Amino acid sequence: MKKIILSIIFTLFALSAFSLSKSFDYKNYTLTAYYPESVQPGDAVFVRLCFESKNKNFIKSLSTATKESGSLEIFRVKEDGNLNEKATSKSLFYKIEENKTKKLLRSVLLSGAPLSTYAKTGDYSAEVAFSVFGEENKISLPVKIIEKEFVSETIPLNASNTAIKTNVSSERMDQINRLNKILDTKNADAIYFDAAFNPPNPATRRTSFFGDRRIYAYNNGKSSTSLHYGIDYGVPTGSEVRACAGGKVVMAEDRISTGWSICIEHLPGLYSLYYHMSELKVKVGQMVKQGEFIGLSGATGLATGPHLHWEVRLNMEAVSPDFLLGDFTFKKEAGKKKN
Ligand SMILES: [Zn+2]
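Note that this is a predicted model, so its numbers are computed, not measured.

Colleague: Describe the domain arrangement of the chain, naming the residues involved and giving the relevant values.
Modeller: Here the chain is described as being made up of domain 1 (2-147) and domain 2 (152-324). Placing the centre of domain 1 and that of domain 2 at their C-alpha centroids yields a distance of 27 Å. Listed per partner, the contact involves 25 residues of domain 1 and 23 residues of domain 2. Buried area between domain 1 and domain 2, summed over both chains or domains, comes out near 2,100 Å², and the portion from carbon and sulfur atoms is 62%. Counting across the interface, domain 1 meets domain 2 through 1 salt bridge. We note a salt bridge from D194 to R48, for which the minimum N-O separation is 2.8 Å. There are 4 residue pairs in polar contact (both at pLDDT 80 or more) connecting domain 1 and domain 2. Sorting the residues of the side of domain 1 that touches domain 2 by element identifies α1 (2-15), β4 (44-53), β7 (91-100) and β8 (105-114) as the ones contributing at least two each. The element best represented in the side of domain 1 that touches domain 2 is α1, accounting for 6 residues.

This is the structure in structure tokens:
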């Protein structure tokens, strides 16, 4: 019961985060940046940059020969106002939209930097660097990291689950390396979906949460610790699983630890994963729409019972799936008409 209440609180929090915008006027163009007021450990900081100009050289300058432009890094702000340690590695901006009317040129870039579940609370600065008309510019956007509690749990594993967890066969290592290689791929052309995600099924019963600090107790008396990267929905085998967002299927196979598994690419470096399924309905290379039926849940791989594991990765780092259910790329916000 306590877990269910916690989960409802987490979800409400994720959906109610405020976004802010700031406009900057330059000689030949204006820039409006959309960013979150606050985030929690395990969320990501997304920044949407909307450039507008009446200068015809503008788009050429911003996007010459590249779909990647500029970078985003999050730093902790010290009490004296100076920037301290880096909270994320450098993330690139990708061009997600470009349009042109008779009078106006508009180019939109998006970048997301994932925050560790161990990120400290406090004041941070999103440092954005970009280059337009051959001129380097920098803006700083204030972001707060607010507290989030994570669950700690011990999971006893029987003999067969212990065997899976301690399996160091070359087959399992190959599967892990291959998936890591996919998740580490940032394909600038993969601009498939930039709005709020949906949950992969309507179940509300969660048996594990994102960021749970886990101890696996093996049947031989030994144990290991791990972080739970996704959300587990307690649903019976055969429940329908749907794509949380539009994208391209980049993995669909049976894996030793995660059973029948699917990975969908949504944006450069942003992927969703579905584990322990009983049946897959999609193939690698297939494009799927948000809400499309992709398979049936099950209990394959390392599972103590039937459930659906849903996970989201950004630049390799697991981020809270609940965070993605809100308007995390500020698509709606940026689409509002300005006064
Ligand atoms: Zn799980």
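Colleague: Account for the coordination of the zinc ion, with residues named and values stated.
Modeller: Donor atoms from the polypeptide that coordinate the zinc ion comprise H228 (NE2), D232 (OD), D232 (OD) and H309 (ND1), at 2.1 to 2.8 Å from the metal. Relative to the metal, the 4 donor atoms surrounding the zinc ion lie at angles of 51 to 150 degrees, and the coordination shape comes out irregular. Sequence spacing of the donor residues for the zinc ion, all on one chain, is H-x3-D-x76-H. A residue pair is termed long-range when its members are at least 10 positions apart, and H228 in the loop between β14 (223-227) and β15 (230-233) and H309 in strand β22 (residues 308-314) qualify at 81 residues. Assigned by exposure class, H228 and H309 land together as buried.

Colleague: Which residues make up the nonpolar core, and what values go with them?
Modeller: Residues L49, F197 and Y274 are the most contacted members of the largest nonpolar core, which totals 69 residues. Ranked by residues supplied to this core, first place goes to β4 with 7 residues. Looking at which domains feed residues into this core, each of domain 1 (2-147) and domain 2 (152-324) gives three or more. Among all residues touching F197, those that are not within four sequence positions of it are C244, A245, H266, L270, Q290, W310, L324, L325 and F328. L183, V250, Y271 and L273 belong to the second largest nonpolar core, which has 9 residues in total.

Calculation rules
- Residues numbered from 1 in each chain as written.
- Predicted model: local features only at pLDDT ≥ 70, side-chain atom pairs only at ≥ 80, totals over all residues.
- Heavy atoms only, no water.
- Domains from an automatic or database assignment.
- Contact = heavy atoms within 4.5 Å.
- Buried area = accessible area lost by both parts, 1.4 Å probe.
- Salt bridge = Lys/Arg side-chain N within 4 Å of Asp/Glu carboxyl O.
- Polar contact = N/O pair within 3.5 Å; in protein donor to acceptor, adjacent residues only side chain to side chain.
- Helix = DSSP H or I, 4+ residues; strand = E, 2+ residues; numbered from the N terminus.
- Donors = N, O, S within 2.8 Å, 3.2 Å for Na, K, Ca; no water.
- Tetrahedral: all angles 85-135°; square planar, octahedral: opposite > 155°, others 65-115°.
- Buried < 20%, exposed > 50% of the residue type's maximum accessible area, 1.4 Å probe, protein only.
- Core = buried A, V, L, I, M, F, W, Y, C linked by side-chain atoms within 4.5 Å.

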